[in-house]
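Coordinate analysis (summary)
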Amino acid sequence: MSVVARPIVIGSAMGLMLPFMLHETGGLGAVLFIAAHVAALCLIAALALLVPALRARLPQHRPSPRHMGLMGLGLALGFSVICLACPLAFGMEHPWT
């Protein structure tokens, strides 16, 4: 995956998840969001122990402002797509409300 496409895809995935976290009751969405990031960090750390090439590359990783901007663009795209499909946007009710 290209250097430009990766942050857009990751941001889009985050944008797709964001409305579900906002609609979740009791703060469970926020807990799952944090747990997913902790799990991702643990997976990367475990892989770094097993793959020497990844271990050598990790210290070089520094997200740039361009990377964060592309990720924000992806987030906006993902959020827009899921909101277009949301019944609340069209004056309807969710099946679970």
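No experiment lies behind these values; they were computed from the predicted model shown. (Residues numbered from 1 in each chain as written. Predicted model: local features only at pLDDT ≥ 70, side-chain atom pairs only at ≥ 80, totals over all residues. Heavy atoms only, no water.)

1. A few points about the overall build of the protein
Helix and strand counts for the protein stand at four helices and zero strands. What you see in the protein, going N to C, is helices and strands ordered as α-α-α-α. Counting every position in the protein, which comprises 97 residues, the buried fraction comes to 13%. Here the analysis covers contacts within the protein between residues at least 6 apart in sequence; of these, 69% occur between residues at least 24 apart. Summed over all atoms, the accessible surface of the protein reaches about 7,300 Å², with 77% contributed by carbon and sulfur. (Helix = DSSP H or I, 4+ residues; strand = E, 2+ residues; numbered from the N terminus. Buried < 20%, exposed > 50% of the residue type's maximum accessible area, 1.4 Å probe, protein only. Contact = heavy atoms within 4.5 Å. Areas by Shrake-Rupley, 256 points an atom, 1.4 Å probe, with all protein chains shown as cover.)

2. Concerning the environment of Met-71
Mapped onto the fold, Met-71 is located in helix H4 (residues 65–84). Through-space distance from the C-alpha of Met-71 to that of Ala-13 is 9.8 Å; in sequence the pair is 58 residues apart. Setting aside residues no more than four positions away along its own chain, Met-71 makes contact with Pro-7, Ile-10, Gly-11 and Met-14.

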